[in-house]
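# A closer look at the structure
One letter stands for each residue in the lines below.
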Amino acid sequence: MRKFTLLLLFLISSNSLTAQFFIAGGHLNGGLPVSNLKQEVDKTFFPTLSGILLYEFYNKPIQVGLEVSYGIYGTKMEVRNDLYPGYTDEFRIRRNNNYTSGMAVFRYLPSMSSKLTPFVEIQAGANYLYSRFKIRPSIFEDVVEAGKDMQDWAFAYKVGGGIQFPLPGIDGGKLELRINYQDGGTMRFLTKGDTNYLPDNGNGEFEYNPRQSPLQLITASVGIVVYDAFW
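Residues numbered from 1 in each chain as written. Predicted model: local features only at pLDDT ≥ 70, side-chain atom pairs only at ≥ 80, totals over all residues. Heavy atoms only, no water.

### Regarding the pairing of strand 1 (residues 22–33)
What counts, and what does not: By the convention used here, strands pair only if DSSP detects at least 2 bridges between them. Secondary structure elements follow DSSP: runs of H or I of four or more residues count as helices, runs of E of two or more count as strands, with numbering from the N terminus.
Pairing analysis gives 10 bridges linking strand 1 to strand 2 (residues 46–56), with the strands arranged antiparallel. Bridging from a neighbouring strand, G30 pairs with P47 of strand 2. Relative to strand 12 (residues 217–227), strand 1 runs antiparallel, the two sharing 11 bridges. Its bridge partner being in strand 12, L32 is matched across the sheet by I218.

What follows is the structure in C-alpha cells.
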C-alpha cells in the first residue's frame, strides 16, 4: 500500500501541471457473502459508504488512486438490569460490528470517447473488522462504559468493473454503476448474534462465538464521480 502511494505521487509529480486530471466521488455499496463466508454468515449483508480519489494519466486510458470505505454490518441493543453486581438499574448496551477498508485502485478504460464509459477495475489493500460496545442508562445520557470486543485485519483484493453515465446539470459529473468480487486473508470477527452476556459467571462476563473466514463478497455499487474535480 505504501509503495503504491509513493509510486502514485512520483508519477503525478513527473507530469506537467496541465496534464493533471483528478476524479473524486462517493459510492453506496452492498456486499453479499459467497464461498466460505456464505457458509459462516449466509444472510449477513455488508453495506458501506466509500469515497474515491483517482488520477487519470494524460491521454491514456488508465486511472490510479485510493478508495476508503466504512460500514456497519450488524447492530444489537439490549436493556438489562444485571450488568453490574449489586445494582438493579437498567442499562442499555449497544454493540456495532464495523467494517472499514482502504484500497489502492487501478482502472483501465477501454473506450474514452463515448458518452457511456466502461471500465475494468482492480483493487488491493486491507480490510479491518471490529466490534464496539457502549453502555449507558438511556440514549440521552452519557456513556458509562465503552470498548472493543474483537478486532482483526487482513490483506484483501477486488476484481470487477462498471460503467459511467453522464449526469446532466453537474459539470463533469457521472453516475457510476459497479460490481466486483472481493477475497483476501482469513479474519476473526463477530456478527449480530455472536455475543452473549452471562450474568451468573463471576461478576458477569461476555461470551464470544467468533466467525473465521476470508471476507469473500460480491459487491454492487452506485455512486457519483466528478471529473476534473479540483480545477
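More follows now that the structure is in view.
### Let's talk about the nonpolar core
Applicable threshold: Throughout this description, the term nonpolar core refers to a set of buried Ala, Val, Leu, Ile, Met, Phe, Trp, Tyr and Cys residues connected via side-chain atoms within 4.5 Å. The cut-offs for exposure are 20% and 50% of the maximum accessible area for each residue type, with area from a 1.4 Å probe on protein chains only; residues under the lower value are buried, those over the upper are exposed, and the others partly exposed.
Of all hydrophobic cores here, the largest spans 11 residues; its members are L37, V41, F46, Y73, Y99, L129, A154, M187, F189, L215 and L217. Ranked by size, the runner-up nonpolar core spans eight residues in total, among them I52, L54, F119 and V225.

### Notes on the packing of aromatic side chains
Cut-off, in case you're wondering: The criterion for an aromatic pair is that two Phe, Tyr or Trp rings (for Trp, the six-membered ring) have centres within 6.5 Å, with stacked assigned to planes under 30 degrees apart, edge-to-face to planes over 60 apart and tilted to the rest.
Evaluated as defined, the whole model comprises 10 aromatic pairs. Plain terms: the ring middles of Y73 and F189 are 6.4 Å apart, the flat faces sit at 80° to each other, and that makes the pair edge-to-face. On the criterion of sequence distance, the pair formed by Y73 in strand 3 (residues 62–80) and F189 in strand 8 (residues 186–189) is long-range, its members being 116 residues apart. No difference in accessibility class separates Y73 from F189, as the two residues are buried. Seen from their ring centres, Y84 and F91 are 5.3 Å apart, and the 75° between their planes marks the pair as edge-to-face. Cluster of aromatic residues (ring-pair linked, three or more members): F46, Y73, Y99 and F189.

### Here's the deal with the environment of E90
So the rule is basically this: Here, residues are in contact when the closest pair of their heavy atoms is within 4.5 Å.
Here E90 lies in the loop between strand 3 and strand 4 (91–108). On the basis of relative accessible area, E90 is assigned to the exposed category, the value being 54%. The spatial distance from the C-alpha of E90 to the C-alpha of E78 is 9.9 Å, given a sequence separation of 12 residues. Excluding its chain neighbours within four sequence positions, the residues that come into contact with E90 are V79, R80, N81 and P137.

### Description of the side chain of S101
Filter applied, for reference: Polar contact criterion, stated in full: a pair of N or O atoms within 3.5 Å, where within protein one must be able to donate a hydrogen and the other to accept it, and residues adjacent in sequence count only if both atoms are side-chain atoms.
Tracing the chain through its elements places S101 in strand 4. Given the relative accessible area of 5%, S101 is considered buried. Here N127 takes part through its side chain, which lies 3.0 Å from a polar atom of the side chain of S101. If near-sequence neighbours (up to four positions away) are discounted, S101 is found in contact with E67, V68, S69, A126 and N127.

### Description of the confidence of the model for the protein
Keep this limit in mind: As a per-residue measure, pLDDT reflects the predictor's confidence and takes values from 0 up to 100.
Of the residues in the protein, 91% have a pLDDT of 70 or more, and the chain-wide mean is 90. In the model, residues 11–19 has pLDDT below 50 throughout and makes 10 contacts with residues more than four positions away in sequence or in other chains.

### Comments concerning the pairing of strand 7 (residues 173–184)
Both faces of the sheet carry side chains from a regular strand, because those side chains alternate between them. With 11 bridges joining them, strand 6 (residues 145–166) and strand 7 adopt antiparallel strand pairing. Within strand 7, the position partnered with A156 by the bridge is G184. Turn length for the strand 6-strand 7 hairpin, with the two strands adjacent in sequence and antiparallel, is six residues, and the turn residue G169 shows positive phi of about 90°. Pairing of strand 7 with strand 12, which is carried by 10 bridges, proceeds in the antiparallel orientation. Residue N180 lies in a different strand from strand 12, and its bridge partner there is T219.

### A closer look at the sheet that holds strand 4
Applied cut-off: Geometry is summarised by axes, namely lines fitted to C-alpha atoms with helices restricted to the contacting stretch, and by angles between N-to-C directions that run from 0 to 180 degrees.
Overall, antiparallel pairing links the eight strands, which are arranged 1-2-3-4-5-6-7-12 in a closed barrel. Sheet twist, expressed as the mean angle between neighbouring strand axes with direction ignored, is 25°.

### Considering a nonpolar patch on the surface
The condition is simple: A patch consists of residues whose relative accessible area exceeds 30% and which take part in no salt bridge; residues with like charges are grouped when within 9 Å of each other, and nonpolar side chains (Val, Leu, Ile, Met, Phe, Trp, Tyr) when within 5 Å. Shrake-Rupley sampling with a 1.4 Å probe provides the accessible areas, and residues are treated as covered by the protein chains on show and by no other component. Each salt bridge in this description consists of a side-chain nitrogen of Lys or Arg and a carboxyl oxygen of Asp or Glu lying within 4 Å of one another.
A cluster of nonpolar side chains, namely F106, Y108, V120, I122, F155, Y157 and V159, defines an oily patch on the protein surface of about 630 Å² accessible area. For the nonpolar patch, the secondary-structure elements that each account for two or more residues are strand 4, strand 5 (117–136) and strand 6. Take the nonpolar patch: its biggest share by element is three residues, from strand 6. Checked against the element boundaries, F106 lands in strand 4. Residue class for F106 comes out partly exposed when judged on its relative accessible area of 34%.

### Brief notes about unusual backbone geometry
Here the phi dihedral of N59 falls at roughly 60°; this positive angle occurs in a residue that is not glycine. Examined against the element boundaries, N59 turns out to sit in the loop between strand 2 and strand 3.

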